[in-house]
Protein chains: 2
Amino acid sequence: MKVSSQLRTHFPDGVFPARCPSRTVLDHVTSKWGVLILLALSEGTPLRWSELRRRAQGVSEKMLAQTLRTLDQDGFLHRDARPEVPPHVEYSLTPRGEELAALLVPLMAWIAQHAEDILAE
Amino acid sequence: MKVSSQLRTHFPDGVFPARCPSRTVLDHVTSKWGVLILLALSEGTPLRWSELRRRAQGVSEKMLAQTLRTLDQDGFLHRDARPEVPPHVEYSLTPRGEELAALLVPLMAWIAQHAEDILAE
DNA sequence: CTGTATCCGCACCGATACTG
DNA sequence: CAGTATCGGTGCGGATACAG
C-alpha cells in the first residue's frame, strides 16, 4: 500500500486547492516558529514565555507572541496564567496539540539525523 | 516512553540552535511550496512541471522553480529531462525524498482530517 | 513545454521602546 | 516576568515578458 493513499481520502486527485482549510492549518503548523514551539512543548512539560524564547533560539518577542496566539486559536496549546506578581504564565499542549506534535517529532528527528549529509552535497 | 525522546539524541536540552543544519533543512522542507511538492510526488508517479503547477494550486513559476531547485540540491528529488522537442521533463522523489515524504504524509493526512474543526473554533 | 530574467509591492519580521 | 506598540527594511513572492 502506497503511503500516499492516506491523502487520497481528502485529495482524491492529488490536487491541493489554493484556498482550503488544510492549507491554512498547514501554514500555521509549518510556520518558521510554529514547528519549533510545538516541538519544544512535545515533551509534556509546561514551559514559560522566557523558556520558550530560550528554546526557539532567534525568535523575537513579536513573533513568539504571534505564533503562540495562532497556535492557541487553533487549539494546539493552552495558556495558563497564574494571578501572581510578577506574572507567571505557562504554555502546554492540548490533547489535539499532542496528536500533532507526535507527527512532528519523527519528522524533526529524521531531519536532525540527516541534515549534515544533506547540506554537505 | 515520551515521543519527544527521539529528539533528545540531537537536542539533549530541548534547545534548537539558531544556525544549525537542521534549521536550514527544516525551512526547506516546511517551506510553503516544498511540502506540497513533496506530497504531490509522494505517490511515486513522476510528474511534469505543468502537472506540478496544477497540483500545488497557486504556486507561481518563479516559486516552483526556486522550490524545485532547493529540493533538488538537498537530494530529495530527481530531475529527468528527455532530449526532445518540445521538452519533456519529469520530477520524481529520490530514496531520500521518499523517506522524508513518508513522514510528511501522515502529518498532512491528520491536518486534512481536522482542519475544518480547527478553524471552526 | 519548460523554464529564466526582471521589476517591484507589500507583508513579514526584527529591533526598539514602553507598560502592567 | 510577560507581554504590547510602533517603525522601518528587506526579502519573499507575484506578475510579466521573454527564451531555448
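Residues numbered from 1 in each chain as written. Chains lettered and ligands numbered in written order. Predicted model: local features only at pLDDT ≥ 70, side-chain atom pairs only at ≥ 80, totals over all residues. Heavy atoms only, no water.

1. Some points on the protein's contact with DNA strand C
Around DNA strand C lies a shell of 17 residues, among which K62 and M63 of chain A together with R48, R79 and Y91 of chain B are the nearest. Among atoms of DNA strand C positioned within 4 Å of the protein, sugar and phosphate together represent 59%. Note that a phosphate oxygen of DNA strand C is positioned 2.7 Å from one of the side-chain N or O atoms of R48 of chain B. Within the contact set of DNA strand C, a phosphate oxygen lies 2.7 Å away from a side-chain nitrogen or oxygen of Y91 of chain B. Looking at the surface near DNA strand C, the elements with two or more residues in it are α5 (61–73) of chain A together with α4 (49–55), α5 (61–73) and β3 (88–93) of chain B. (Near = heavy atom within 4 Å. Polar contact = N/O pair within 3.5 Å; in protein donor to acceptor, adjacent residues only side chain to side chain. Helix = DSSP H or I, 4+ residues; strand = E, 2+ residues; numbered from the N terminus.)

2. Topic: the relation of the copies chain A and chain B
Related by rotation about an axis and a shift along that axis, the two copies of the chain form a pair. Take chain A, turn it by 180°, move it 0.0 Å along the axis, and it overlays chain B with an RMSD of 0.0 Å. Taken together, the rotation and translation relating the two chain copies correspond to the operation of a two-fold axis. Looking at the rotation axis and the C-alpha trace of chain A, the residue lying nearest is T30 of chain A, at 2.7 Å. Of all interface residues in chain A, 100% are interface residues in chain B too; the two copies therefore contact each other through one and the same surface. (Least-squares fit on C-alpha atoms with pLDDT ≥ 70 in both. Contact = heavy atoms within 4.5 Å.)

3. Side note on the environment of A101 of chain A
Residues and elements named next belong to chain A. For A101, the position within the fold is in helix α6 (residues 95–120). Taking relative accessible area as the criterion, A101 reaches 3% and is therefore assigned buried. A sequence separation of 12 residues divides A101 from Q113, and the C-alpha atoms of the two residues are 18 Å apart. Those residues within four positions of A101 in sequence are excluded, and the remaining contacts are L38, S42 and L93. (Buried < 20%, exposed > 50% of the residue type's maximum accessible area, 1.4 Å probe, protein only.)

4. Considering the UniProt feature "domain: HTH hxlR-type" (unreviewed entry) in chain A
The feature "domain: HTH hxlR-type" (unreviewed entry), as given by UniProt, occupies residues 20–119 of chain A in the numbering adopted here. End C-alpha to end C-alpha, residues 20–119 of chain A measures 33 Å, and it is 62% helix and 14% strand. (UniProt positions renumbered as here; feature names shortened; annotations may be inferred.)

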